[in-house]
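Single-letter residue listing:
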Amino acid sequence: MLALSRRALLVSAGALAGCTAVTGDRGRAAPEAAPALVPIRAQTDRIFDIAVCLRPFRAAGPRLDVERVGDTLVVHNYGHGGSGWSLSWGSSTVAVRKAMASSPREIAVIGCGVLGLTSAILAQRAGAKVTIYARELLPQTPSARATGAWTPDSRIALAETAPSDFASLWEEMARTAFKMHRDYLGLPGDPVEWTDFYSVSSEDEPRDSSPAAGPDLDFADYRRRIADLVPTARRLAPDAAPFRAAAVYRSENMIFNISDYGHTLLNDFFIAGGKFEHADFQAPSQIAALGKSVAINCTGYGARALWKDETVTPVRGQIARLIPQPGVHYGLAYRHVYVVPRRDGIVVQDLQGGDMKGFGDSDEAVDRAEADRAVTTLAELFTPARWRGGVPGTASGSAELS
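Residues numbered from 1 in each chain as written. Predicted model: local features only at pLDDT ≥ 70, side-chain atom pairs only at ≥ 80, totals over all residues. Heavy atoms only, no water.

Trainee: Give a description of empty space enclosed by the protein that names residues and reports values.
Mentor: What the rule picks out here adds up to 4 cavities of 30 Å³ or more. At 3 residues, strand E12 (residues 312-322) tops the list of elements feeding residues into the lining of the second largest cavity. Of the residues assigned to the lining of the second largest cavity, the class counts are 1 nonpolar, 4 polar and 6 charged. (1 Å grid on protein atoms, 1.4 Å probe; cavity = no way out; pocket = protein on both sides within 12 Å on 5 of 7 lines; lining within 4 Å. Points joined across faces, edges and corners; volume = space filled by probe spheres on them. Helix = DSSP H or I, 4+ residues; strand = E, 2+ residues; numbered from the N terminus. Nonpolar A, V, L, I, M, F, W, Y, C, P; charged D, E, K, R; others polar.)

Trainee: Tell me about unusual backbone geometry, residues and numbers included.
Mentor: A positive phi is found at Asp190, a non-glycine position, where the angle reads about 50 degrees. In this fold, Asp190 is placed in the loop between helix H4 (166-182) and strand E7 (192-201). One non-glycine residue, Lys308, lies in the positive phi region at around 50 degrees. Mapped onto the secondary structure, Lys308 falls in the loop between helix H7 (303-306) and E12.

Trainee: Account for the side chain of Asn77, with residues named and values stated.
Mentor: One can find Asn77 in the loop between strand E4 (72-76) and helix H2 (84-99). Residue Asn77 is classed as buried on the basis of its relative accessible area of 1%. Engagement of the side chain of Asn77 in a polar contact is seen with the side chain of Ser92, the distance being 3.2 Å. When sequence neighbours within four positions are dropped, the list of residues in contact with Asn77 reads Arg63, Leu64, Ser91, Ser92, Ala95, Leu115, Ser119, Ile296, Asn297 and Cys298. (Buried < 20%, exposed > 50% of the residue type's maximum accessible area, 1.4 Å probe, protein only. Polar contact = N/O pair within 3.5 Å; in protein donor to acceptor, adjacent residues only side chain to side chain. Contact = heavy atoms within 4.5 Å.)

Trainee: Let's hear about the pairing of strand E11 (residues 294-297): which residues, and what values?
Mentor: In E11, alternate side chains face the same way, and those of Val294 and Ile296 on one face and Ala295 and Asn297 on the other are all buried. Taken together, the 4 bridges between E4 and E11 define a ladder with parallel strand orientation. Its bridge partner being in E11, Val75 is matched across the sheet by Ile296. (Pairing = 2+ DSSP bridges.)

Trainee: Go over the sheet that holds strand E6 (residues 129-134) with me, naming the residues and quoting the values.
Mentor: The strand order across the open sheet built from 6 strands is E3-E4-E11-E5-E6-E10, with neighbouring strands paired in mixed fashion. Pairing within the sheet leaves two strands with one partner each, and these edge strands are strand E3 (66-69) and strand E10 (275-278). Along the sheet, successive strands turn relative to each other by an average axial angle of 25 degrees, direction set aside. Direction of pairing for strand E5 (residues 106-110) relative to E11: parallel, over a ladder of 3 bridges. Note that in E11 the partner of Ala108 across the bridge is Ala295. (Axes fitted to C-alpha atoms, helices over the stretch in contact; angles between N-to-C directions.)

This is the structure:
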C-alpha cells in the first residue's frame, strides 16, 4: 500500500479505506501506541510570516533539453511545478550530465534557487569551475517560499501531455534526488529530516466549494513507481489515535527545513570555490555574452519571460508560518489544510481547490484572510471535541501542553 503524498493526505477517509490498518492476530484493530504529541498553538496572532510562490508548471514536464545561443550551449533545467525541492538533485543530475558532455572547464549557472544551487554543486563535483549568475541568493528566491515537503510528483506534468518516456525519467530523477537528500539527514540544523504525518478525516468533512480555476486537469500521478521509498500509511485504531475523528491515518515523510537546507547548500557551493555574480538577464543573448561555453538555465518561472516560453504556467501557492514550537515534530492534513513542522516555522497551507488551486494565477500578493482561515481550521483539531491529548487514551493530555 502506498504512503501518502500531500495529495493523498487530503482526500477523504472513504478514499483512504484501502490503506493498511493496524490489526491484531484476529484481524481486529489493535492499538499501536502513537507517540505523545504536543498540541500546536494554532492562533492567528502567532503567524509571523506569509509568503507566496509562483510554481513553474509545464504540461509536458520539466524542460531539460539543450539549445545553442551564439557560442554557448544552454542546458535547460526548469518547469518542475510543485516538485522543485523534491526533484532538485535528480533533475540537476540530468542537466549536469548534458552540460559536462564536452568536458567544459567552466560552467555558468543561471539562477540561484534550489535547481540552480544543486546544478552548481553537481557541476563542481564533476570537475568544473562554476559561477552562478542571478538577481539574488537562495534566501531571496521563490525557492525559499516553498512548502518544504517531499512531493516529487506535485503538479509535475499532465498525464496525457507528458512524453511516453517521461514516467521512467521521472522515476530516475526521484530516486536520485531521494538518495541525495538522505546525505543531508542528521546534519547540524536538520536541513532534512523525517517526521510523522497524520491525515485526519472528520464526519463533517466539508465539500470543496472553492471557485474552480478552470476545468480539472489530469495531473500525472507516479507515486506507485517509488512506493518502496517511504513507509505505508496506516489507519490507527480509535483508542490509539491522538485525534477524535472518523479516521486517522499515520504515515512518515521527508521534509526540508528550507532556511537550514538553503544555507547548507550555499556553504557547500562557496567552500568548493564557487562564485556568485549579480545579474538580471533580459534576453538569452546576454547569457551568451558571458563568454562561457556552457550554461545551465535554472530560472524557474522567470524562464517564461526570459525565454518567451508560453508553456510555463504559474501556479500560485501561499504558506503561512507559525512561530516554531519545541516538540512539534509531526505534520497534519485536516479539512483541506496541510501542515509541515519545519524548524524555521510551522507551515500551514490552505489547499482547498486541490491541484487546481492557484493554477494560472500569477498574483503574488499575500492573502491574509486565507492564512487566517487555514490556521483557524487547524485550531479545531486541538479543541476537546477533536484532541484526545498528548498521550493517546488520556482525557486531556495536559502534561503535554506547552
